[in-house]
Amino acid sequence: MKKDLLKKVGNMHQLADIMPITFGDGRANGMEGWLVKNGQLQFTVMQDKCLDIAELSYKGINFSFLSKAGMQGRNHYDTNGNEALRSIMGGMLFTCGFENICAPYKDYPMHGRIRTTPAEHSGVNTDWTDDGYELSINGQMREAELFGENMLLSRKITTVYPKKEIKICDKIENQSYKPQPMMLLYHFNFGYPFLDEGTQILLPSEKIIARDEIAEPHVKEYALMQKPIDNEPEYVFLHDLKSDENDNTFAVVINDKLGLGFCIKFSKKYLPYFMQWKSLASGDYVLGLEPANSSVYGRQYHEKHNDLHMLNPFESEEIEITLQVFEGEEINILRGMLK
């Protein structure tokens, strides 16, 4: 591939590259990151916010959700209870953890602190491999406290031209000298125009439970997006997903009108919980797909049941998630995955 492609291309920036960017407006002013171009697939990675993925598009069509709060860096109120709602911008992915993943509880902030932790020792690399032209971003995020925890997340994000695929490889290590909670949730967020009336959600669900009485009447409608409704409350559904003999499972979103699909692949070995966030509210029109190692009911629930996910001193876990874009006839592959 390399020799053939370079006959037609003077510089690979023409087709695929990683470009450093600095935001210069509003609450995002000064936030640094990278714009990744892999042919028709384009996404941004935020250096200042956990190497999470802010925006993602394919052939110029946006897939990700951006909340009314808009693009922004870390703010002083990010870790103060429900004030987090003013700083949750959504994005294609934000990472929740480690002391908490859901609603505020005691001194543990909503969705945790790791999502706003800037990367250290970060960098990028491009190289040719047998698969194609590989682009990668890596860095470390540390969640630590004097006399408290010392958790290190090492992340590498890789995409290969000409594939329509992104791999997220995380290693989480407890570098303290006592056991520490390690709650983790990957919050993937889809928005318009990929998310629209008629967009389908395909999940290999063996069991589906509504989080509360508000969501209960809408369980049978979990797999289809309806049109926006003014002031409609959010629904959250808990799914028990089937997996193969190696604990691998998936979540799929399909927009037939656009001829596009998106697949999230992960392992239930490390992420046994799965939550679906569905908001039809006008202005807050979003679908969240959330593999996790803990329940949506949060730290309070696990403390009550004495099963809080913990890492022992210098113990680590490695987690890999693959994101793939499908188009045209390839979408039949996604539908076939449910058989």
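Everything below is about the structure printed above this text.
Just so it is clear, the structure is predicted and the values come from calculations on it, not from any experiment. (Residues numbered from 1 in each chain as written. Predicted model: local features only at pLDDT ≥ 70, side-chain atom pairs only at ≥ 80, totals over all residues. Heavy atoms only, no water.)

(A) Representation of the packing of aromatic side chains in the model. Counted according to the given criterion, the structure contains 10 aromatic pairs. On the numbers, 5.9 Å between centres and 50 degrees between planes, the contact of Phe63 with Phe262 is tilted. Taken together, the residues Phe63 in the loop between strand S5 (61-62) and strand S6 (93-98) and Phe262 in strand S17 (residues 260-267) connect sequence positions 199 residues apart. Accessibility assignment for this pair places Phe63 and Phe262 in one class, buried. For the ring pair Trp128 and Tyr133, a centre distance of 5.1 Å and an interplane angle of 55 degrees mean the geometry is tilted. Trp128 sits in the buried class, given a relative accessible area of 18%. Classification of Tyr133 as buried rests on a relative accessible area of 10%. (Phe/Tyr/Trp six-rings, centres within 6.5 Å; stacked < 30°, edge-to-face > 60°. Helix = DSSP H or I, 4+ residues; strand = E, 2+ residues; numbered from the N terminus. Buried < 20%, exposed > 50% of the residue type's maximum accessible area, 1.4 Å probe, protein only.)

(B) How the structure looks around the sheet that holds strand S10 (residues 165-174). If you walk across this open sheet you meet the eight strands as S7-S8-S9-S10-S21-S17-S16-S13, and the pairing is antiparallel. Single-partner strands in this sheet number two, and they are strand S7 (120-129) and strand S13 (200-202). Strand-to-strand, the axes of this sheet are offset by a mean angle of 15 degrees, without reference to chain direction. Looking at chain direction, strand S16 (residues 248-255) and S17 are connected through eight bridges and run antiparallel. If you follow Thr249 over to S17, its bridge partner there is Phe266. (Pairing = 2+ DSSP bridges. Axes fitted to C-alpha atoms, helices over the stretch in contact; angles between N-to-C directions.)

(C) Structural view of helix H2 (residues 298-305). Those residues of H2 not exposed but buried are Gly298, Arg299 and His302. Axial view of H2: buried residues confined to an arc of 125 degrees, hence all on one face. (Arc of directions from axis to C-beta.)

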